[in-house]
Amino acid sequence: MGGELRHGGPPGGADTAGTRPGAEPRPAGTPRIVGIVWGLLILNTLGSAGAKTIVPLPRSLIQLVTMGALVAAFTLALAVNLRLRIRASSFVLLLTLLLVPSLISSLQLESGLGALFRCTRLALFIGTLWLLSRWWDGGLTFVRHHIRMYFAVLGSVAAGLVVSPGAALPELYGGRLVGALWPLTPPQIGQYAAVIIGLTVLLVLGRRTDRTGAAVVIVPSLVLLALTHTRTATLGLLIGLTLAIGSLVLTSAAARRFFTWTVLCAAVAAVGFGSALQAWFLRGQSQENFTSLTGRAKVWDALLAAPRTTSEQLFGAGLGDKSFGGLPIDNSWLAVYQEQGLTGVVLVAAIIIMLGVVALLRPPSLQRACAIFLISYCAIASYTEAGLGDASPYLLHLALAASLLAVPAAAAPLPTPEVPRRPVPRWARRSEVT
């Protein structure tokens, strides 16, 4: 695994001179504009539907901002990589193949013209990832971009909570935290908080950030996560961190200490605050509502029981809004089956399995631990959240994992210039003969 990327390189990322013939040239550094592109991709995936905001925002305006962010991201990525230098990436290749069933099903227009619009969005999203793959070398630069951008998003959520607590904790969502300035749902906020908490904890264990700076990120994010009452994000955080830290236990004393103290604190909390934790987890739901996953199971059963043609089974009904019968599907696998068919399910499964196998084959390192956390979190969240088959934060999390698992491009040492031989005077040659 490579070390961290250097900042402040030339805009185009000058190639290293003197590399081996046929070897991939390694960029001298990651241009700052790459971080802007990553932030724009995150902005694009924030969505256009959610809670009611303090200042009503027309959905058309939100879609204009998010789609404009994607177009700007692709344009900037192309400008910084005009030579179209990309790295071989099985992850992005599988995403590109996912476009095939998406396009085949969307061209039938069963989901309307919006399906073609979503296909175009997915194509731009994947194209931007291809352009950024040039700077994927196993470093932590993209991890820091990820944390900073999502922490800024959570900052807007916290600001909305301060400005208007009633709008941020509406009765419509059962008093759960929502975005009052930008329309964000509780599961979205919980996801963003859980991901940056997990990544920041791993950076602390790897001694890549100081504890004070980490506390500034972790503590408020934990508060926001608790206010969302999001069970999926909480379980994903706990299980993902357990697997990630477990991958470091044999090589990191800090990871062993953290793991031990976490187990002790969890045991004490389970004994002393068991009833409070149970109440938080149940969110006041009845046993029937809880066992049906807040009504999700009924939608899933109806989706699976719906009649389908052979084409719909293989390629789906086209990219839509991840709903069935007007109700959200809230399951990535069933959403992919509905929109991209069995072909899409196989490709998405291949992405998760491929990333997981590569992570297991890598030697223990901080980058590997971060990748394991992201992969396991997305796999857990896929059961109650949709997004693995379309441009979404989950695909960005997996793209970050792919960048962490990338092997740095090796650069050969610079060739030693040949020193010209000085002519030997005749008198010196005569003395050598004698």
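One can find the structure itself at the top, above this paragraph.
Bear in mind the structure is a predicted one, so any value in this text is a computation, not a measurement.

Reading guide: rules and limits
- Residues numbered from 1 in each chain as written.
- Predicted model: local features only at pLDDT ≥ 70, side-chain atom pairs only at ≥ 80, totals over all residues.
- Heavy atoms only, no water.
- Patch = residues over 30% accessible without salt bridge, like charges linked within 9 Å, V, L, I, M, F, W, Y side chains within 5 Å.
- Areas by Shrake-Rupley, 256 points an atom, 1.4 Å probe, with all protein chains shown as cover.
- Salt bridge = Lys/Arg side-chain N within 4 Å of Asp/Glu carboxyl O.
- Helix = DSSP H or I, 4+ residues; strand = E, 2+ residues; numbered from the N terminus.
- Phe/Tyr/Trp six-rings, centres within 6.5 Å; stacked < 30°, edge-to-face > 60°.
- Buried < 20%, exposed > 50% of the residue type's maximum accessible area, 1.4 Å probe, protein only.
- Contact = heavy atoms within 4.5 Å.
- Lys, Arg positive; Asp, Glu negative; His and termini not counted.
- Polar contact = N/O pair within 3.5 Å; in protein donor to acceptor, adjacent residues only side chain to side chain.
- Axes fitted to C-alpha atoms, helices over the stretch in contact; angles between N-to-C directions.
- Parallel < 35°, antiparallel > 145°, perpendicular 65-115°, else oblique.
- Left-handed = near helix turned anticlockwise from the far one by under 90°.

1. A closer look at a nonpolar patch on the surface
1) Next: Taken together, the side chains of Ile54, Val55, Leu57, Leu61, Leu64, Val65, Val162, Val163 and Leu181 present a nonpolar region at the surface, about 790 Å² in accessible area.
2) Next: Of all elements in the fold, only helix H2 (59-80) and helix H5 (141-163) reach the threshold of two or more residues within the nonpolar patch.
3) Next: Among the elements that line the nonpolar patch, the one with the most residues is H2, at three residues.
4) Next: Checked against the element boundaries, Val162 lands in helix H5.

2. As for the packing of aromatic side chains
1) Next: Using the criterion set out here, one finds four aromatic pairs in the structure.
2) Next: Relative to Phe142, the ring of Trp38 has its centre 5.2 Å away and its plane inclined at 65°; by these criteria the two rings are edge-to-face. One end of the pair, Trp38, is in helix H1 (residues 32-44); the other, Phe142, is in helix H5, with 104 residues separating them in the sequence. With respect to burial, Trp38 and Phe142 carry one shared label: buried.

3. Structural notes on unusual backbone geometry
1) Next: A positive phi angle, near 55°, is found at Leu84, a position not held by glycine.
2) Next: In this model, Asp330 sits at a positive phi of 55°, which is unusual for a non-glycine residue.
3) Next: As for its placement among the helices and strands, Asp330 is situated in the loop between strand E2 (327-328) and helix H15 (332-361).

4. With respect to the environment of Val345
1) Next: Along the polypeptide, Val345 turns up in helix H15.
2) Next: Placed 44 residues apart in sequence, Val345 and Gly389 show a C-alpha to C-alpha distance of 8.4 Å.
3) Next: Each residue touching Val345, except ones within four places of it in the same chain, is listed here: Trp333, Val336 and Tyr337.

5. Focus: the side chain of Arg176
1) Next: Tracing the sequence through the fold places Arg176 in the loop between helix H6 (165-168) and helix H7 (186-205).
2) Next: Glu385 provides the closest opposite charge to the buried, salt-bridge-free Arg176, at an N-O distance of 7.1 Å.
3) Next: Of the polar contacts made by the side chain of Arg176, one reaches the backbone oxygen of Thr228; its length is 2.6 Å.

6. A few points about the packing of H7 against helix H17 (residues 393-405)
1) Next: Put simply, H7 and H17 touch, their axes get as near as 12 Å, and they point 15° apart. Classed by the angle they form, the pair H7 and H17 counts as roughly parallel. Considering how the two elements wind past one another, H7 and H17 form a crossing that is left-handed. Across the interface between the two elements, Gln191, Tyr192, Val195 and Leu199 from H7 touch Pro393, Tyr394, His397 and Leu400 from H17.

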